[in-house]
Amino acid sequence: MRRPCTALALTAAALTALTALTACSGASAAPQDTRAPTTPTGVTATAGSATTVHVMWSAATDDRAVTGYAVYRQGQKVKDLPAGTLMTDVTGLAPATPYTFTVRAHDAAGNVSPDSAAVTATTPAASAEDRTAPTRPTALRLTPAGPEAATLAWRPARDDTRVTAYDVYQSGSRVHTVPGTATEARVTGLRPATAYSFTVRARDAAENSSPDSDAVPLTTPAVPGHRPATAPTGVTVRAAEGTLTVTWTPPRTATPVKEHQLHLNGRFATTIVWGADPGPGPVAYTLTVPATPGVRYALTLRAKLPDGTWGDFSTPVTVVTV
């Protein structure tokens, strides 16, 4: 088993911002951007507890680029979010109260889209001294819906008061929330020929969350013209005090893969570099983490391909520190 001879630090150093130089004399100025992004669509609002509402929407478009979204409650802005974020929790709400939400998109020139269609959610009544979490959802099953979507279904959880929401997680990050009366969720925005793993948690009005359901894997089908799957395979993780040892097999490419990225809970953690051909695998890397027992990590890897681009992410693997 080959181990890397070099690796960057766990927390990547921040890149220094470069200030753009003034254009050469005589160069023509770029046309002014006066076109606003399209209106966000598909807006939904789901009360997740007595004090929170989960708002989601579909991406807007722009003639240049959408740079962010603003979420409004009763016409007042409550959240500013980057362009890659299509959902958020609005917190600090009153129990048993209806709220109306809209979303706007904006671009770098300050152009703002019209308000989305308004959606309403009513928070449930608070349950005094509720400290009992719901049971975990069971019998989680998945039905692929083409290369970019899938439907998850499960058996309902139980709670001493009532389940108010189900949260869908992918790679340790929440990607969807549905009401507590639902027993299925449609997940969209997936990539063709990519490996995923999903779990579901139940939540009650007091924000108590159940344990994760069993995970279900999914590899989305390829589409014509899409490159073959390039994800590392056979990923396993072993936890020891203060360390995680990851083992995997690099993807087969025209030339040896000498560089991988490791992500923890959906966030970049480190780049792993071999100075020589690591061979066909398996390979291993030991990562230092805080020596705190009971912390859950979801790990994914992707390889740098011969053309200099990054390949597909591996199926997420979850481990709990000891």
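How each quantity is defined
Residues numbered from 1 in each chain as written. Predicted model: local features only at pLDDT ≥ 70, side-chain atom pairs only at ≥ 80, totals over all residues. Heavy atoms only, no water. Helix = DSSP H or I, 4+ residues; strand = E, 2+ residues; numbered from the N terminus. Contact = heavy atoms within 4.5 Å. 1 Å grid on protein atoms, 1.4 Å probe; cavity = no way out; pocket = protein on both sides within 12 Å on 5 of 7 lines; lining within 4 Å. Points joined across faces, edges and corners; volume = space filled by probe spheres on them. Nonpolar A, V, L, I, M, F, W, Y, C, P; charged D, E, K, R; others polar. Buried < 20%, exposed > 50% of the residue type's maximum accessible area, 1.4 Å probe, protein only. Polar contact = N/O pair within 3.5 Å; in protein donor to acceptor, adjacent residues only side chain to side chain.

**Side note on the overall build of the chain**
Piece 1. Check the secondary structure of the chain and you find zero helices and 22 strands.
Piece 2. Counting only contacts in the chain whose residues sit at least 6 apart along the sequence, the fraction spanning at least 24 positions is 66%.

**Here we look at the layout of surface pockets**
Piece 1. By volume, the largest pocket amounts to about 1000 Å³.
Piece 2. Along the wall of the largest pocket there are 31 residues; nearest its centre are Gln-170, Arg-174, Val-175, Thr-188 and Gly-189.
Piece 3. Put simply, the parts of the chain that give the lining of the largest pocket at least two residues each are strand 2 (41–47), strand 3 (53–58), strand 12 (173–179), strand 13 (184–188) and strand 14 (195–204).
Piece 4. With four residues, the single largest contributor to the lining of the largest pocket is strand 12.
Piece 5. Of the residues contributing to the lining of the largest pocket, the split by class is 13 nonpolar, 15 polar and three charged.

**Describing the environment of Ala-195**
Piece 1. Tracing the backbone through its elements, the reader meets Ala-195 in strand 14.
Piece 2. Among the residues examined, Ala-195 registers a relative accessible area of 12% and is labelled buried.
Piece 3. Here the alpha-carbon distance between Ala-195 and Asp-312, two residues 117 residues apart in the chain, equals 7.8 Å.
Piece 4. Excluding residues within four positions of it along the chain, Ala-195 makes contact with Leu-218, Thr-219, Phe-313, Ser-314, Thr-315 and Pro-316.

**Here we look at the environment of Asp-89**
Piece 1. Within the fold, Asp-89 resides in strand 6 (residues 87–90).
Piece 2. According to the relative accessible area criterion, Asp-89 is partly exposed, its value standing at 21%.
Piece 3. For the pair formed by Asp-89 and His-54, sequence separation is 35 residues and the distance between their alpha carbons is 4.5 Å.
Piece 4. Not counting residues up to four positions away in its chain, the partners in contact with Asp-89 are Val-53, His-54, Lys-79 and Arg-174.
Piece 5. A polar contact of 2.9 Å, which involves the side chain of Asp-89, links it to the side chain of His-54.

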